[in-house]
Amino acid sequence: MENSVLVIGAGAAGLMAAHALCKAGKKVTVLEARNRTGGRIHTLSDTSFFKQTELGAEFIHGDLPVTLDLLKEASLPFRSANAEMWRFQKGEFKENGMIIEDWELLTDRLNELTEDTNIYDFLQKEFGGEKYQTLTTAVWHYVSGYDTADPRNASAFALRNEWQHEDVEAQHRVDGGYCSIISYLCNSCKKHGGDVLLNSVVQQIEWANGQAKAICSDGAVYQAGQVLIAMPLGVLQATNGEIGAINFTPQIPEYTAAIQQMGFGAVIKILLEFKSSFWLDEKSRRMAGRDIDKMGYLFSDEEIPTWWAQTPDKSNVLTGWIGGPAAQEKTNNPDNEILEQGLRSLANIFKRDINDLKAMLIARRVMNWTADPFTRGSYAYDTVQAPQARKLLNTPIDNTLFFTGEYLYEGTAMGTVEAALTNGLDAARKMSL
Ligand SMILES: Cc1cc2nc3c(=O)[nH]c(=O)nc-3n(C[C@H](O)[C@H](O)[C@H](O)COP(=O)(O)OP(=O)(O)OC[C@H]3O[C@@H](n4cnc5c(N)ncnc54)[C@H](O)[C@@H]3O)c2cc1C
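Our subject in this report is the structure included herewith. (Residues numbered from 1 in each chain as written. Predicted model: local features only at pLDDT ≥ 70, side-chain atom pairs only at ≥ 80, totals over all residues.)

The next point concerns the overall build of the chain. From N to C terminus, the chain includes 15 helices and 23 strands. In terms of overall dimensions, the chain is globule-like: its C-alpha atoms have a radius of gyration of 22 Å, near the 22 Å expected for 433 residues. Projecting the C-alpha coordinates of the chain onto the three principal axes gives extents of approximately 70 × 50 × 40 Å. In the chain, which comprises 433 residues, the proportion classed as buried is 45%. Look at the contacts in the chain between residues 6 or more apart in sequence, and 74% of them connect residues 24 or more apart. (Helix = DSSP H or I, 4+ residues; strand = E, 2+ residues; numbered from the N terminus. Rg over C-alpha atoms; globule rule 2.2 N^0.38 Å. Buried ≥ 20, exposed ≤ 12 C-beta atoms within 10 Å, placed from the backbone. Contact = placed C-beta atoms within 7 Å.)

Below, the structure is given as structure tokens:
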């Protein structure tokens, strides 16, 4: 019992912790609700279409140390995902989709801010009125689209911090897909005597100093000296009785309150595979006014606003993305409706007949992460209260209950796989001290 650990959740954070704990000689059992490992890492690799295409995490956003070290340790190669950013607005394609009027003024004002507030209130106060409409809309789109956050809840300080540390130059993709990292971690656990059990939905944690019991929805019971909760924030925020939700006995009211103070975004990702890359054809080229082979990301004002290709790889797959409040509103929409909205958005952007696009479509996949009971959202964003809440949640309870996940990471690569891996490693260190 003394040397044993239960890890609840086999995502990047849970498995990274399990990998380190197994190597440190702990007896580790990972309990995972789904019939697969990886959580928000989900590479499609066993299907006829979308070979090694990502339903969840896709990019390494910069030269991120823990991810790159792990890739090196696992001898997993990665490649550049750098591509041009374009914007489609008012019927026109424009390169450098990220250049926004008055952006410098905005960052100056943000830098002068002395007390945190949410970004929506900040914009209303500093940039209200018609004059800055383009700017405030652009910030709303950035915060909801990229951070998948609700701007009415997202911290202005956190956004400032994010922009100060952004490394837009280096984007990478893992060869073989992000799932290669997950397989490596899983195999390493097993090699060091750990167990990774699937289809194990933990509903209840009973704990006392130095002992913990996890009770699953099928009645299975597991015991250990320590337990690491590696579930997504969205599931921890779920109400008792909802699928995936977890109950603690005795209760941990301060921790439960802290969980509710943190922000968890919303996202839908759409994968479309066509017979050919129609977006690179002569008609698109004429519309763009130049060669668009390097176009990776395309931002628009369409219902499904953001699209990207697999550039610089050659591929007939387009990915659609909608985040933040607009994705939240679609939580209960059927996938077919979202697919139709995606195709309509593409038809509008590239001036095609939607029926022609449908005829060219050979595979489709809509992944509504917010509707997924074992995620219930996208990834964390900072609210004004988040730093305090995170500090508490990173503090173990009686050396028995521990939390980990991307949402508890203290660094600048928030909401990423790097965040999950780093925090998983930190949690393992705390547990084996
Ligand atoms: C659409 C999308 C795109 C993204 N793109 C990128 C990207 O390009 N680059 C990047 O770095 N990051 C990206 N991210 C974020 C990244 O995927 C996450 O930050 C990271 O994978 C989270 O890891 P985690 O271990 O904290 O959580 P998760 O991966 O969510 O793992 C938690 C695990 O807990 C399990 N679980 C839940 N409830 C229970 C229960 N009751 N009992 C047992 N198990 C349970 C879940 O099934 C899951 O396996 C993206 C995320 C999404 C959703």
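Picking up after the structure, the text goes on.
A general tendency of soluble globular proteins is for nonpolar side chains to be buried together. Core analysis: the largest hydrophobic core is formed by 84 residues, its most contacted members being Val-7, Ile-8, Leu-15, Ala-17 and Leu-228. In terms of residues, this core owes the most to one element, helix H1 (residues 12-23), which gives nine residues. Counting contributing residues per domain, this core is built from domain 1 (4-45 + 178-263 + 382-431) and domain 2 (99-167), each supplying no fewer than three. Apart from the residues within four sequence positions on either side, Val-7 is in contact with Gly-14, Ala-17, Ala-18, Val-28, Val-30, Leu-228 and Ala-230. (Core = buried A, V, L, I, M, F, W, Y, C linked by C-beta atoms within 7 Å. Domains from an automatic or database assignment.)

Those residues of helix H6 (residues 156-165) that fall on the buried side of the exposure criterion are Ala-156, Phe-157, Ala-158, Leu-159 and Glu-162. On the buried face of H6, the contacting elements are helix H3 (103-112), helix H4 (119-127), helix H5 (133-145) and strand E22 (380-381).

One open sheet holds the three strands; their spatial order is E5-E9-E6, and the pairing between them is antiparallel. Strand pairing shows two members of the sheet lacking a second neighbour, strand E5 (60-61) and strand E6 (78-80), which therefore form its edges. With three bridges connecting them, E6 and strand E9 (residues 171-174) associate as antiparallel partners. Residue pairing across strands places Ser-80 opposite His-172, the latter belonging to E9. (Pairing = 2+ DSSP bridges.)

What follows is about the sheet that holds strand E13 (residues 221-224). Ordered in space as E13-E12-E11-E15, the four strands form an open sheet in which the pairing is mixed. Every interior strand has two partners, whereas the edge strands, E13 and strand E15 (247-249), have only one. Strand-to-strand twist across the sheet, computed as the mean angle between neighbouring axes with direction ignored, equals 20°. Where strand E12 (residues 211-216) meets E13, four bridges bridge the pair, whose relative direction is antiparallel. Across the sheet, Ile-215 pairs through a bridge with Val-221, a residue of E13. (Axes fitted to C-alpha atoms, helices over the stretch in contact; angles between N-to-C directions.)

A separate point is the packing of H1 against helix H7 (residues 179-191). Look at H1 against H7: their axes get within 9 Å of each other, and the N-to-C directions meet at 30°. Between H1 and H7 the crossing geometry is left-handed. Contacts from Leu-15, Met-16, Ala-18, His-19 and Cys-22 of H1 reach H7 at Ile-182, Leu-185, Cys-186, Ser-188 and Cys-189. Of the residues belonging to the contact of H1 with H7, the class tally is eight nonpolar, two polar and no charged. (Left-handed = near helix turned anticlockwise from the far one by under 90°. Nonpolar A, V, L, I, M, F, W, Y, C, P; charged D, E, K, R; others polar.)

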